[in-house]
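Architecture and fold: a report
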Amino acid sequence: MNSKWSEGIEPRGFRWVITDRFGVCERPGGYGAGHRRVRRHEEIIWLNRNNIGLILSITAIPYNLHDYDEHGLSYIHLPYVDNSDGGDRLKEILTTIRDRSAQSSVLMHHDSIGDRVSGVVAGYLLWSGLVDDGLESITITERLLARELGPLAREILSLAQQLKP
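Conventions and cut-offs
Residues numbered from 1 in each chain as written. Predicted model: local features only at pLDDT ≥ 70, side-chain atom pairs only at ≥ 80, totals over all residues. Heavy atoms only, no water. Axes fitted to C-alpha atoms, helices over the stretch in contact; angles between N-to-C directions. Helix = DSSP H or I, 4+ residues; strand = E, 2+ residues; numbered from the N terminus. Parallel < 35°, antiparallel > 145°, perpendicular 65-115°, else oblique. Contact = heavy atoms within 4.5 Å. Nonpolar A, V, L, I, M, F, W, Y, C, P; charged D, E, K, R; others polar. pLDDT = per-residue confidence, 0-100. Buried < 20%, exposed > 50% of the residue type's maximum accessible area, 1.4 Å probe, protein only. Pairing = 2+ DSSP bridges. Salt bridge = Lys/Arg side-chain N within 4 Å of Asp/Glu carboxyl O.

Bringing the packing of helix H3 (residues 88–101) against helix H6 (residues 151–163) into the picture now. At their nearest, the axes of H3 and H6 sit 10 Å apart, and the two run at 75° to each other. With respect to H6, the axis of H3 lies roughly perpendicular. Each of Leu90, Lys91 and Leu94 in H3 lies in contact with H6, whose residues at this interface are Ile156, Leu159, Ala160 and Leu163. Along the lines of polarity and charge, the residues of the contact of H3 with H6 split into six nonpolar, no polar and one charged.

What follows is the structure in structure tokens.
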């Protein structure tokens, strides 16, 4: 008999932004002093069992990405530190989400579900045309992620609005 752990565990903070197409979570296994290798392994099993087609890591450092290879999961590492590049990296992230989620599910993660992830989610909703204005994007993102968008998230949203195709 298989234990419930053999099915894996849902990553912390996991939410679908667009059901079965675009989701977010904190980095599998956690981050910093709270990172646990066993938890990372269990969460990766869950990602695999739930047919995540692409993992999009926006962490500054490529932590444990080799584990995705070991489990046969596709990933892209697009570090998103700040907007000093004039929005080139943000546009690359938004375009990757749009293009790859049209084919299979995309899961984006950072160390935690903070302003960087919230800002990209709000920015994607506006940039992709899924919502009409920034206020609507903020409202939806705050409800979806159960957190307020801080200054960095709002800055990312503003930049995404300027990048709108």
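Here we come to the environment of Gly53. Looking at the secondary structure, you find Gly53 in strand E3 (residues 52–57). Considered as a pair, Gly53 and Ile140 are 87 residues apart in the sequence and their alpha carbons are 25 Å apart. With residues up to four places along the chain from it excluded, the contact list for Gly53 reads Ser74, Ser104 and Ser105.

In this model, the protein chain carries an average pLDDT of 91, and 93% of its residues clear a pLDDT of 70 or more. At the level of individual helices and strands, the protein chain shows its lowest average pLDDT in helix H1 (residues 37–49), which scores 89, and its highest in helix H4 (residues 115–127), which scores 98.

In terms of residue burial, strand E5 (residues 105–110) counts as a mostly covered element, since six of its six residues are buried. Burial of E5 is two-sided: the residues Ser105, Leu107 and His109 facing one way and the residues Val106, Met108 and His110 facing the other way are all buried. Note that strand E2 (residues 22–26) and E5 share five bridges and pair parallel. The residue bridging Gly23 from the neighbouring strand is Leu107, located in E5. One ladder, built from five bridges, connects E3 with E5; its direction is parallel. Bridged to Leu54 within E5 is Val106.

Considering the arrangement of structural elements, one finds Asp67 in helix H2 (residues 66–70). On the basis of relative accessible area, Asp67 is assigned to the buried category, the value being 9%. Sequence-distant contacts of Asp67, defined by excluding residues within four places in its chain, comprise Arg40 and Ile44.

With that settled, consider the pairing of E3. Most of E3 is tucked away: five of the six residues are buried. Two strands pair when backbone bridges link them, and E3 and strand E4 (residues 75–77) are joined in this way by three bridges, in the parallel orientation. Bridging from a neighbouring strand, Leu56 pairs with Ile76 of E4.

Attention now moves to the sheet that holds E4. Whenever strands of a sheet pair, they do so through backbone hydrogen bonds, lying parallel or antiparallel. Ordered in space as E1-E2-E5-E3-E4, the five strands form an open sheet in which the pairing is mixed. Edge strands, defined here as strands with exactly one partner in the open sheet, are strand E1 (15–18) and E4. In this sheet, adjacent strand axes meet at a mean angle of 25° when their direction is disregarded. Against the sheet, H4 touches E1, E2 and E5, its axis set at about 145° to E5.

Another aspect to go through is the pattern of salt bridges. In the structure shown here, the tally under the stated rule is nine salt bridges. Residue Glu26 pairs with Arg12 through a salt bridge whose shortest N-O separation is 3.8 Å. Taken together, the residues Glu26 in strand E2 and Arg12 in the segment before E1 connect sequence positions 14 residues apart. According to the relative accessible area criterion, Glu26 is buried, its value standing at 8%. Given the relative accessible area of 48%, Arg12 is considered partly exposed. A salt bridge links Asp67 to Arg40, with the nearest nitrogen and oxygen atoms 2.4 Å apart.

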